[in-house]
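A structural walkthrough
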Amino acid sequence: YFKDEWEANVSRPANDSLLDSVFGPMVHDAMMSQQWRDRWQAHIYISRRFAGLGASAGDLVQAVSQATCMATRDKMPKVFLASLSLLDELLSDSRVDEIGPEDFLALLQTEEGN
């Protein structure tokens, strides 16, 4: 539903934000939606398509960290639980094997200091 509504009314090109470049503008907008089901579906959508994301390992870590951090502040627990699935996909992805433990932890840090 969100995809149809977004394509009909909002559709915009990607901007310079990390979430736009890694997940795409539609998913980023869904993560910012006022409707909790849209935010929840955004995490589910990316979790199911994680292997197909073309971002670098560092960008993946940072984007998942930002998305998970946003979800921790969500009023709906389902959104946070869905973000943990996304984090699980990241930890299972072979692309992050090239990042050392110290660098991985540094990439997890968000602008909010989390």
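My aim in this report is to walk through the structure given alongside it, one point at a time.

Procedures and definitions
- Once a new chain begins, its residue numbering starts again from 1 and follows that chain's sequence as written.
- pLDDT decides what is reported in this predicted model: residues at 70 or higher carry local features, side-chain atom pairs at 80 or more are listed and counted, and totals for whole chains, interfaces and linings draw on all residues regardless.
- By convention in this description, side-chain values take in all heavy atoms of the structure and omit both hydrogens and water.
- The secondary structure listing takes helices from DSSP runs of H or I that are at least 4 residues long and strands from runs of E that are at least 2 residues long, numbered from the N terminus.
- The contact definition used throughout considers only heavy atoms, calling two residues in contact when any of these lie within 4.5 Å.
- What sets the accessible areas is the Shrake-Rupley method with a 1.4 Å probe; for residues, cover comes only from the shown protein chains.
- The angle between two axes is taken between their N-to-C directions and runs from 0 to 180 degrees, where each axis is a line fitted to C-alpha atoms and a helix contributes only its stretch in contact.
- Under this scheme an angle from 65 to 115 degrees is roughly perpendicular, one under 35 degrees roughly parallel, and one over 145 degrees roughly antiparallel; angles in between are oblique.
- The handedness criterion is simple: a crossing whose near helix is rotated anticlockwise from the far helix by less than a right angle is left-handed, and one whose near helix is rotated clockwise is right-handed.
- When residues are sorted by character, Ala, Val, Leu, Ile, Met, Phe, Trp, Tyr, Cys and Pro go into the nonpolar class, Asp, Glu, Lys and Arg into the charged class, and all the rest, Gly among them, into the polar class.
- By this rule the span expected of a helix is its residue count minus one, scaled by 1.5 Å.
- The cut-offs for exposure are 20% and 50% of the maximum accessible area for each residue type, with area from a 1.4 Å probe on protein chains only; residues under the lower value are buried, those over the upper are exposed, and the others partly exposed.
- Working definition: a ring pair exists when centres of Phe, Tyr or Trp rings (six-membered ring for Trp) sit within 6.5 Å. Plane angles under 30 degrees give stacked, over 60 give edge-to-face, the rest tilted.
- Put simply, a charge is over a ring when the Lys NZ or the Arg CZ is close to the ring centre, within 6 Å, and near the line of the ring normal, within 35 degrees.
- We call a set of buried Ala, Val, Leu, Ile, Met, Phe, Trp, Tyr and Cys residues a nonpolar core when their side-chain atoms join them within 4.5 Å.

Looking at the overall build of the protein chain
- The number of helices and strands found in the protein chain is seven helices and zero strands.
- Ordering the α and β elements of the protein chain from the N terminus gives α-α-α-α-α-α-α.
- Intrachain contacts of the protein chain at a sequence separation of at least 6 include 62% that bridge at least 24 residues.
- Entry remark: accessible area of the protein chain is about 6,800 Å², with carbon and sulfur atoms responsible for 51%.

What about the packing of helix H5 (residues 57–72) against helix H7 (residues 101–108)?
- Viewed as axis vectors pointing N to C, H5 and H7 meet at an angle of 45°, and their least axial separation amounts to 8 Å. In terms of their interaxial angle, H5 and H7 are classed as oblique. As for the relative orientation of H5 and H7, their crossing is right-handed in sense. In this structure, H5 contributes Gly-58, Val-61, Gln-62 and Ser-65 to the contact, and H7 contributes Phe-104, Leu-107 and Leu-108.
- Taken together, the residues of the contact of H5 with H7 sort by class into four nonpolar, three polar and no charged.

With respect to H5
- Given a rise of 1.5 Å per residue, 16 residues ought to cover 22 Å, and the 23 Å separating the end C-alpha atoms of H5 matches this to within 8%.
- The set of residues buried in H5 consists of Ala-57, Gly-58, Leu-60, Val-61, Ala-63, Val-64, Ser-65, Ala-67, Thr-68, Cys-69 and Ala-71.
- Here the buried face of H5 lies against helix H2 (18–23), helix H3 (25–31), helix H4 (36–48), helix H6 (77–92) and H7.

Thoughts on the packing of aromatic side chains
- The full count for this structure, using the stated rule, is one aromatic pair.
- Measuring from ring centre to ring centre gives 6.2 Å for Trp-36 and Trp-40, while their planes differ by 50°; the resulting arrangement is tilted. Taken together, the positions of Trp-36 and Trp-40, both in helix H4 and four residues apart, correspond to about one turn of that helix.
- For Trp-40, a relative accessible area of 24% corresponds to the partly exposed category.
- Geometry around Trp-40 places Lys-78 over its ring, the cationic atom sitting 5.3 Å from the centre.

Here we look at the nonpolar core
- Val-22, Phe-23, Phe-50 and Leu-90 are the most contacted members of the largest nonpolar core, which totals 25 residues.
- Those elements that place two or more of their residues in this core are H2, H3, H4, H5, H6 and H7.
- The element best represented in this core is H5, accounting for six residues.
- Excluding residues that lie within four positions of it along the chain, Leu-90 makes contacts with Phe-50, Leu-60, Val-61, Val-64, Val-96 and Phe-104.

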